[in-house]
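Listed here are the chains, written in short residue letters.
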Amino acid sequence: MATLSPGFRGRSRAAEPNLPPGQYVAHDFPVLTAGPTPRVPAERWEFTITTETGEKRTWSWDELRALPAETPTVDIHCVTKWSKFGTSWKGVSLDTLFEEVESAADYAMAHSYGGYTTNLPLEDLLDGQAWLVYDYDGEPLHPEHGGPVRLLVPHLYLWKSAKWVRGIDLLLEDEPGFWEAAGYHSYGDPWREQRYQGD
Ligand SMILES: Nc1nc2c(c(=O)[nH]1)N[C@H]1C(S)=C(S)[C@@H](COP(=O)(O)O)O[C@H]1N2
Ligand SMILES: [Mo]
């Protein structure tokens, strides 16, 4: 009977130190959308942060594009178990947008054109951890992947990275978004395999 030497499994794990538990490496870029793809022309896209007191700050496409851009290259992890290494994006750090916002809130709800929502702690959107991105791999972000603009929060499972993002509401109390209300984990850390409630 053939047996694997203990070293074989050890080596294959060590070869992918950036792969969270239970994930496999995808080389294509799957599209995962609940429902139809909203078509949002860039000239009509806008993004609004609404604070817990109801104050609003809105950016148009041109205003977003005029802000300093960053080009993060990050690994992304979908709860359906594919991970993609080294994805390259261009967009604006949420730190830049939140510089203009006063809030005492701890929670955020991202809203998309089409009605999708997802909740995150506000601190996970700050300190260089999240962007509004409009280019992928040197090209304008394709509508199927969330163009003209999506949220990118690569340290959490990719359902937190709302496509066609239109705004963020700041909240004093956490609330579940679309998938979280359907049983997905409220935080979604891929390294702790927080796929579903109770993980
Ligand atoms: N607006 C919106 N954003 C969304 C989704 C969605 O259905 N609608 N799906 C989420 C899920 S479950 C995943 S895995 C990623 C998929 O992004 P991709 O289609 O670019 O791979 O988008 C996330 N953002
Ligand atoms: Mo997903």
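Note: the structure precedes this text.
Residues numbered from 1 in each chain as written. Chains lettered and ligands numbered in written order. Predicted model: local features only at pLDDT ≥ 70, side-chain atom pairs only at ≥ 80, totals over all residues. Heavy atoms only, no water.

K.L.:
Hey, could you go over the site of ligand 1 for me, with residue numbers and the actual values?
P.N.:
Surrounding ligand 1, one finds 19 residues, the nearest of these being Pro30, Ala34, His145, Arg150 and Lys163. Between ligand 1 and alanine 34, the relevant distance is 2.8 Å, taken from an oxygen atom to a main-chain nitrogen or oxygen of the residue. Between arginine 150 and ligand 1, the recorded distance is 2.7 Å, taken from a side-chain N or O atom to an oxygen atom. With the chains in place, 97% of the 530 Å² that ligand 1 exposes on its own is no longer accessible. In the shell around ligand 1, the residues fall into 13 nonpolar, 4 polar and 2 charged. (Near = heavy atom within 4 Å. Polar contact = N/O pair within 3.5 Å; in protein donor to acceptor, adjacent residues only side chain to side chain. Areas by Shrake-Rupley, 256 points an atom, 1.4 Å probe, with all protein chains shown as cover. Nonpolar A, V, L, I, M, F, W, Y, C, P; charged D, E, K, R; others polar.)

K.L.:
Go over the pairing of strand β8 (residues 131-136) with me, naming the residues and quoting the values.
P.N.:
Where a strand is regular, its side chains alternate between the two sheet faces. Most of β8 is tucked away: 6 of the 6 residues are buried. Direction of pairing for β8 relative to strand β10 (residues 150-152): antiparallel, over a ladder of 3 bridges. Within the sheet, the bridge partner assigned to tryptophan 131 lies in β10 and is leucine 152. Where β8 and strand β9 (residues 139-140) come together, 2 bridges link them in antiparallel fashion. Directly across from aspartate 135, in β9, lies its bridge partner proline 140. The turn joining β8 and β9, which pair antiparallel and follow one another in sequence, is formed by 2 residues; a positive phi near 55 degrees is taken by aspartate 137. (Buried < 20%, exposed > 50% of the residue type's maximum accessible area, 1.4 Å probe, protein only. Helix = DSSP H or I, 4+ residues; strand = E, 2+ residues; numbered from the N terminus. Pairing = 2+ DSSP bridges.)

Functional significance is not addressed by these values, which are geometric in nature.
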